[in-house]
2 protein chains.
Amino acid sequence: MSSAERQPLIRPEEEIISYGVNVADGTGSINNEDDVTQESECRTHCAPETVEVGNLNLLSSKFESLDYDTCENHLLLDEERSKGYKFIMKKSFARWIIFLLIGIFTALIACFIDIMIEVLSDLKYNCLQFYVDSCVWNYCLVTPYLLWMVLNIVPVVIGSLLVTYLEPVAAGSGIPQVKCYLNGVKIPRVVRIKTLLVKVFGVISSVVGGLAVGKEGPMIHSGAVVAAGISQGKSTTLKVDLRILDYFREDHEKRDFVSGGAAAGVAAAFGAPVGGVLFSLEEGTSFWNQGLTWRIFFASMVSTFTLNSVLSTYHGRPGDLSYCGLLNFGKFETIVYTFSEFFIFILMGMTGGLLGALFNHINYKLTVFRLRYIQARWLKVFEAAMVAALTCTVGFTMIYVMDDCKPLGQDPTKFPVQMFCGDGQYNVLGAIWFQTPEASVRSLFHDPPGSHKVLSVAVFFVGYFLLSCWTYGLSVSSGLFIPSLLTGAAWGRLVGMGLEILLPGWKVDPGKYALVGAAAQLGGVVRMTISLTVILIEATGSISFGLPLMITLIMAKWVGDFFNEGIYDIHIQLAGVPLLPWEPPPLSNNIYASGIMSHPVVTFNAVENVGRIIDVLRSETHNGFPIVDQQCEDADSMKTCGTYRGIILRSQLIVLLQNKIFNESVEIWNPKQVSIKMFWKAYPRYQSIKDVSVTQEERLFTIDLRPFMNPASYTLLHSASLPRVFRLFRGLGLRHLVIVNDSNEVIGIVTRKDVARFRVWKHRGRMGMIELMISEKL
Amino acid sequence: MSSAERQPLIRPEEEIISYGVNVADGTGSINNEDDVTQESECRTHCAPETVEVGNLNLLSSKFESLDYDTCENHLLLDEERSKGYKFIMKKSFARWIIFLLIGIFTALIACFIDIMIEVLSDLKYNCLQFYVDSCVWNYCLVTPYLLWMVLNIVPVVIGSLLVTYLEPVAAGSGIPQVKCYLNGVKIPRVVRIKTLLVKVFGVISSVVGGLAVGKEGPMIHSGAVVAAGISQGKSTTLKVDLRILDYFREDHEKRDFVSGGAAAGVAAAFGAPVGGVLFSLEEGTSFWNQGLTWRIFFASMVSTFTLNSVLSTYHGRPGDLSYCGLLNFGKFETIVYTFSEFFIFILMGMTGGLLGALFNHINYKLTVFRLRYIQARWLKVFEAAMVAALTCTVGFTMIYVMDDCKPLGQDPTKFPVQMFCGDGQYNVLGAIWFQTPEASVRSLFHDPPGSHKVLSVAVFFVGYFLLSCWTYGLSVSSGLFIPSLLTGAAWGRLVGMGLEILLPGWKVDPGKYALVGAAAQLGGVVRMTISLTVILIEATGSISFGLPLMITLIMAKWVGDFFNEGIYDIHIQLAGVPLLPWEPPPLSNNIYASGIMSHPVVTFNAVENVGRIIDVLRSETHNGFPIVDQQCEDADSMKTCGTYRGIILRSQLIVLLQNKIFNESVEIWNPKQVSIKMFWKAYPRYQSIKDVSVTQEERLFTIDLRPFMNPASYTLLHSASLPRVFRLFRGLGLRHLVIVNDSNEVIGIVTRKDVARFRVWKHRGRMGMIELMISEKL
């Protein structure tokens, strides 16, 4: 209460205080107290020279923002004036068509992945089964073991080579990258066709290679790439520009399509159209909009429809879209549950949260290790090969050692291995290992009670948990959903079997507990709730079991969040991506725009000299330049820099320079010569300033920037609080926010990193705010 | 193209043009061309003196906005400074608890409504059945007819009296009101406890009274009221202030809770937790936020859980939460469908769109008639009684005339009426009529093939279509979902029966077509897609049928939107509510803030005279007043009004005046005397300026407004375009947006109505923009 006396109630309004960092007072600890001393040397909150590997509290300076705000310049006005409402209708129609195509192509790619994996895996396990069964009595078991190893290592190495040497951004599931993209961060190369190709063949390789991976994440990423590709009518990889749909060549439009693509990807991956929409909303879309959501829904629906049509035909039941075999995790008949079981579900949810947090912690440590020691490309491929070898070794050892035999005919497995079992029996662990992880999930969900021994499932759980933990983060294309579900299904089934032993009179359905365990484990790892609930409901066709799944997932999230963040967020933080959270940090109303903005600002005059533009673009790395009445003379002092007029982007300036739109040589009122199409054509990979060449004479020319700048873009007063800056920035998806003083003179600029630097942490029941540093080393 | 020459490319930046209205050029027609001439007399785009009843293109001036933006004044800073992160954790925990309570209480209210309706309806139809069956051979059928009429009219009149005389805002389903509230419009009395009570007893009366209504809409509205009530810890109706949770007394927080309440209402009404979340998103929430969505999801889940627990106990199966009887529309076993049926579903979707548009058109005409001629309260009650009488007459006539008999034992109806049927048979139409509409929907969904004659279902469809159309808009508490579903189920079943006749070899499940028809009809009327799909999936437990439902609903929406808007939107437009759409109108970049703002603006000095504040508040109706350096002298000219400093609300000024926070008498730095709690206490029903009394001496005092105003609230330049104004306004949920000139001087203010005035219309494949007038008569 006494703080009111310490600080004056009236905030300084005329005077701009040049303090660098205002730490919110509160009970939270602030880690980087050396920031203030840094300030004097390094104006943009840079990190110290040496960056500790694995620091989660750094932002990388290399990420640029997407721009969700429309540049309402005179060219756009001209364009609108010449079009009229018919064009709006056409554009709206084109949008629906594109979402239709996104749905179809995403599903076709998913079908391709599905069928390829199925065919190749069948070949592989068929061959392995033959050798195991023929060798087991000939004492040549080392042959199938070595064969298995070769059949694991070869595809994995191929996949890893593709990813490591051709397109490293295709590594992993792609969900973190898509999430960042939808949040508004430009992740280089993430939506290119090359990435798509590497991703598709990469994921086929890693699943066929027997790694503990799933195909779902990569399918979601594929959907995003398909969306970005189709909506733009051009591909730089393929060097094709169809010259259609150029009116969608804006970050704004492209991001909408990509969120539809991600939803279509989920829909195709799990056969879950509603889950797809919710995934896109929960994990991605920052901008809620009814119209957009309908289109996303449409794309998801088309995707599911296409997938089911193709797969039902492939499975020999053309047109039968209600065929159970289309459900990813197999059809559950109505699952019966009672009130008292909710306590078990809650406990299982908490266990899932704990195990998920453990998984994330181990994986974090491992990733740090990788960042430190596994940098060379060949090492990455080697690690992938090693894990492939280990996977088959673990599998083989389990089958060899564990003597869990069951009579044939119970289990829907395709390749029952006899191993040391008697005639007419098969090795249960062999059945689990000799199929894709997805099929193993189905087995654990649907195998009748008594199919497994407790010990074999327990060993399988521990082994698979560690394997999948090591696998995620390898330089291969790999999803995390299926391995998490499989691990969870294993311990969930253990719970079911335990209950059966504890409560002999009680009729326990172990498949039900396997499902709950799978949900809990996955929820504990990725910390999604709504979309995951719906995805699991849709992928098992069991609507009545929604409530227990929800409760399990919420518990898993709560318990997991107590210890650390979701796996995707950990990886995003490790990469130093300036992801904006959903809400401004609490208790930060005493941090002002003047404290977080970058200054001084490089500005341009409304009519600017070509030479100066080129010099500035060459010497500065900024991407947005305010346009002012008259420039400040002493840029290093905190003096004001002229009345704000508008803002222009580096990319726009480069297009202007390349097209030589100089006052002296071009009649800029001629829309044939100068139109918005000029900018659309250059989108999205604008050239560098180094590629611009002007003659010495042209350097003396001028450009009138006013028709091209964004006039009246959003600005804020220097006395605006951080939450206010945050809400404007996040709510409207800005890239640059000009900060002005009371007389509307430009005094600073706020970019994504300036806002993302303030991060709230929650850990073991405590919370606080931390100010991140920005590093160029990350 | 030549337009570029007509208008200069550089927009005027120094000069403020005082044009009133800028009509976007394009091909769309603009209806009200007389607006420009109006401008000279009526500055705020007022409508002409005589307002045509039923005009959809007027906005009422009586609606105020909610304020989603936080007022970051010094009191809030003080409050934050004295709290710290522990308080943030506490607040977050309190939020979860409140959402828990919202879920529980909403479900309990829903249970109460459910059980009351069931018990009372059972009594009623039991009694009727007895009289019908005993009178049919005694030629005294007029007795049950009259009895039925009495049993219809009495409850309906009670319900109508409650609604008409006690709380007119409780009429109808409440969904439009909740939608407006969540959009940010303050609908008076919509979330009061009195409204809740009238709503609950009103809906029981109207359903028991046999009207063509459902209980779902009112349940959703109830959830919203419960949420608003619980979250505030006070009720003005009950004159209780618990003095807890006062930190949630902001429009911002309250609106979040209300969206959770609406979701919990849907969850309780249909047993559809995911549908609830999606409903809240699709129809309501303007501000997408992951954390909020999780809490909404939690409330929905708790609501479903509570409802199912109570109802399973009531139905004698305590704890059996997977009991099929809990599904609102009965359990569908896996519905088989093939590719070829999609064409039928698409055609049915289109039919639903057509019928829905017809329904909306008739209802619109009827509503206009009501607005014109049925104004007196007694007339409204009389109309309700008349419809009640008509409903029973229609029903009785159908049962009497149509001779559709089936053997007993096929139909799960509770009260089979024999009528003129042979022994061991029952009258099919009697079975449909002698139950609540919801039970009738179940019958049409699940009655085995061959249960009905084509003619009787056809007659029922036409009768019920017209009846439900007349019923919606009566002065009773009534939902629209169930009657629409019932109408749709009727014609859907007809389609199924038709197919059976046309394709004799084909095994047709008429229940499946009834479900599709129901979806199509409801979709055609309300034009929701995503949430409705999920609600129907959850209420029938048939996940595999999601795809056909989605396609049907999207088709119904597209076809319906071709003709008119959804029923809720029509009623919202009739009431002249300034609802903000999701996106700015297209092609409006040439309308500038200076053209849409209200001006001149009444401003205050930073330290203002008490007398002047009182005089201004008494003479002006505005709710927000910019605070400036020095006031403009000539308020009528377009001169600037001093440098912008902040904005203060009428309600804040009144609280200041009432608490006599004058510079001369209060030490405002003392947080015990002056704190944010003062404002929380007065929220939400601030007193009128008339209730403020100050002495003549106090009138000479001054108030320092700076600690209380919202400093650095969002402003825009006069040269900002309409889309830019719109996005800021909508995206951040503002109530006032101050427009400044290049020197940051206040020149105007934009409120919700100024933005909502620009409405896009789409009709029969054409679109355009219309500028609405603002009327004080509506």
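The shown structure was predicted, so the numbers you read here are calculated from the model rather than taken from an experiment.

Conventions and cut-offs
Residues numbered from 1 in each chain as written. Chains lettered and ligands numbered in written order. Predicted model: local features only at pLDDT ≥ 70, side-chain atom pairs only at ≥ 80, totals over all residues. Heavy atoms only, no water. Least-squares fit on C-alpha atoms with pLDDT ≥ 70 in both. Contact = heavy atoms within 4.5 Å. Buried area = accessible area lost by both parts, 1.4 Å probe. Salt bridge = Lys/Arg side-chain N within 4 Å of Asp/Glu carboxyl O. Polar contact = N/O pair within 3.5 Å; in protein donor to acceptor, adjacent residues only side chain to side chain. Helix = DSSP H or I, 4+ residues; strand = E, 2+ residues; numbered from the N terminus. Nonpolar A, V, L, I, M, F, W, Y, C, P; charged D, E, K, R; others polar. Pairing = 2+ DSSP bridges. Axes fitted to C-alpha atoms, helices over the stretch in contact; angles between N-to-C directions. Phe/Tyr/Trp six-rings, centres within 6.5 Å; stacked < 30°, edge-to-face > 60°. Buried < 20%, exposed > 50% of the residue type's maximum accessible area, 1.4 Å probe, protein only. Disulfide = S-S within 2.5 Å. Core = buried A, V, L, I, M, F, W, Y, C linked by side-chain atoms within 4.5 Å. UniProt positions renumbered as here; feature names shortened; annotations may be inferred.

1. Details of the relation of the copies chain B and chain A
The operation relating the pair of chain copies consists of a rotation about an axis and a translation along that axis.
Now for step 1: If you rotate chain B by 180° and push it 0.0 Å along the axis, it lands on chain A with an RMSD of 0.1 Å. Both copies are brought into coincidence by an operation consistent with a two-fold rotation axis.
Now for step 2: In this assembly the copies share their binding face: 100% of the residues contributing to the interface of chain B also contribute to that of chain A.

2. Digging into the interface of chain B and chain A
Now for step 1: At the junction of the two partners, chain B supplies 119 residues and chain A supplies 119 residues.
Now for step 2: Roughly 11100 Å² of surface becomes buried between chain B and chain A when both sides are summed, with 66% attributable to carbon and sulfur atoms.
Now for step 3: For the interface between chain B and chain A, the tally reads 10 salt bridges.
Now for step 4: Close ionic contact of Asp69(B) with Arg727(A) constitutes a salt bridge, the shortest N to O distance being 3.6 Å.
Now for step 5: If you look at where chain B meets chain A, you find 26 residue pairs in polar contact (both at pLDDT 80 or more).
Now for step 6: For the side of chain B that touches chain A, the leading source of residues is helix 11 (residues 290-314) of chain B, giving 9 residues.
Now for step 7: Here the side of chain B that touches chain A is built from residues that sort into 57 nonpolar, 37 polar and 25 charged.

3. Some thoughts on the sheet that holds strand 14 (residues 715-717) of chain A
All names here are of chain A.
Now for step 1: A sheet is described by the order of its strands in space; here 3 strands give the open sequence 14-15-16, paired in mixed fashion. Each end of this open sheet is capped by a strand with a single partner; those strands are strand 14 and strand 16 (746-751). Neighbouring strand axes in the sheet, compared pairwise and without regard to direction, differ in orientation by 30° on average.
Now for step 2: As defined by bridge partners, strand 15 (residues 736-740) adjoins strand 16 across 5 bridges and the pair is classed as antiparallel. If you follow Leu737 over to strand 16, its bridge partner there is Val750.

4. Side note on the packing of aromatic side chains
Now for step 1: Scanning the model with the defined rule gives 60 aromatic pairs over all chains in all.
Now for step 2: A ring pair is formed by Phe130(A) and Tyr131(A), whose centres lie 5.5 Å apart and whose planes are at 85°; its orientation type is edge-to-face.
Now for step 3: Of the residues examined, Phe130(A) reaches a relative accessible area of 54% and is grouped as exposed.
Now for step 4: For Tyr131(A), a relative accessible area of 32% puts it in the partly exposed group.
Now for step 5: When the centroid spacing of 5.9 Å and the interplanar angle of 65° are considered together, the rings of Phe662(B) and Phe701(B) count as edge-to-face. With Phe662(B) in the loop between helix 24 (650-658) and helix 25 (677-682) and Phe701(B) in the loop between helix 25 and strand 12 (702-704), this pair connects stretches of sequence that are 39 residues apart.
Now for step 6: On the accessibility criterion, Phe701(B) (16% relative accessible area) is buried.
Now for step 7: Cluster of aromatic residues (ring-pair linked, three or more members): Tyr125(A), Tyr145(A), Trp148(A), Phe396(A), Tyr400(A) and Phe434(A).

5. Quick look at the side chain of Arg757(B)
Residues and elements named next belong to chain B.
Now for step 1: Of note, Arg757 is situated in the loop between helix 27 (752-756) and strand 17 (758-763).
Now for step 2: Classification of Arg757 by relative accessible area gives buried; the value is 1%.
Now for step 3: For Arg757, the side chain forms a polar contact with the side chain of Glu771, separated by 2.3 Å.

6. What about the environment of Lys62(A)?
Now for step 1: Looking at where Lys62(A) falls in the secondary structure, it is placed in the loop between strand 1 (58-60) and strand 2 (64-65).
Now for step 2: When the C-alpha positions of Lys62(A) and Pro586(A) are compared, they lie 27 Å apart, and in sequence the two are 524 residues distant.

7. Here's the deal with the state of the cysteines
Residue and element names in this part refer to chain A.
Now for step 1: A complete count under the given rule lists 4 disulfides over all chains for this structure.
Now for step 2: The disulfide partner of Cys135 is Cys140, and the S-S distance across this bridge is 2.0 Å. Disulfide Cys135-Cys140: torsion about the S-S bond near -105°, hence left-handed.
Now for step 3: Between Cys127, a cysteine without a disulfide, and Cys135, which holds the nearest cysteine sulfur, the sulfur-to-sulfur distance is 11 Å.

8. Focus on the side chain of Glu383(B)
Now for step 1: Considering the arrangement of structural elements, one finds Glu383(B) in helix 13 (residues 377-401).
Now for step 2: Setting aside residues up to four positions removed in sequence, Glu383(B) forms contacts with Arg370(B), Ile374(B), Trp470(B) and Leu474(B).

9. A look at the pairing of strand 17 of chain B
Residue and element names in this part refer to chain B.
Now for step 1: Here strand 17 runs beside strand 18 (residues 766-771); their pairing, made up of 6 bridges, is antiparallel. Residue pairing for strand 18: Trp761 is matched across the bridge by Gly768.
Now for step 2: Here strand 17 folds back onto strand 18, and the loop between the two strands holds 2 residues, one of which, Arg764, carries a positive phi near 45°.

10. Quick notes on the pattern of salt bridges
All names here are of chain A.
Now for step 1: Taken as a whole and judged by the stated rule, the model has 48 salt bridges over all chains.
Now for step 2: Two residues, Glu438 and Arg442, come together in a salt bridge whose shortest N-O distance is 3.8 Å. On the criterion of helical spacing, the pair formed by Glu438 and Arg442 is a turn pair, its members being 4 residues apart in helix 15 (residues 437-446).

11. Focus on the nonpolar core
Now for step 1: Grouped together as the largest cluster of nonpolar side chains are 392 residues, with contacts concentrated most on Trp433(A), Ile648(A), Leu656(A), Leu657(A), Ile648(B) and Leu657(B).
Now for step 2: Other than its neighbours up to four places away in sequence, Trp433(A) contacts Tyr125(A), Trp148(A), Thr391(A), Val394(A), Gly395(A), Met398(A), Ile399(A), Phe460(A), Tyr464(A) and Leu467(A).
Now for step 3: By size, the runner-up hydrophobic cluster in this structure holds 84 residues, among which are Phe758(A), Phe726(B), Val740(B) and Met767(B).

12. Quick notes on the UniProt feature "domain: CBS" (unreviewed entry) in chain A
Now for step 1: With numbering aligned to this structure, UniProt lists the feature "domain: CBS" (unreviewed entry) at residues 709-767 of chain A.
Now for step 2: In the segment residues 709-767 of chain A, helix accounts for 27% and strand for 41%; the C-alpha atoms at its two ends are 42 Å apart.

13. Some words on unusual backbone geometry
Now for step 1: With phi around 50°, Lys660(A) is a residue other than glycine that occupies positive phi space.
Now for step 2: Looking at the element boundaries, Lys660(A) is found in the loop between helix 24 (650-658) and helix 25 (677-682).
Now for step 3: One non-glycine residue with positive phi stands out, namely Asn744(B), at about 65°.
Now for step 4: Looking at where Asn744(B) falls in the secondary structure, it is placed in the loop between strand 15 (736-740) and strand 16 (746-751).
Now for step 5: In this structure Asn744(B) comes out as buried when scored by relative accessible area, which is 3%.

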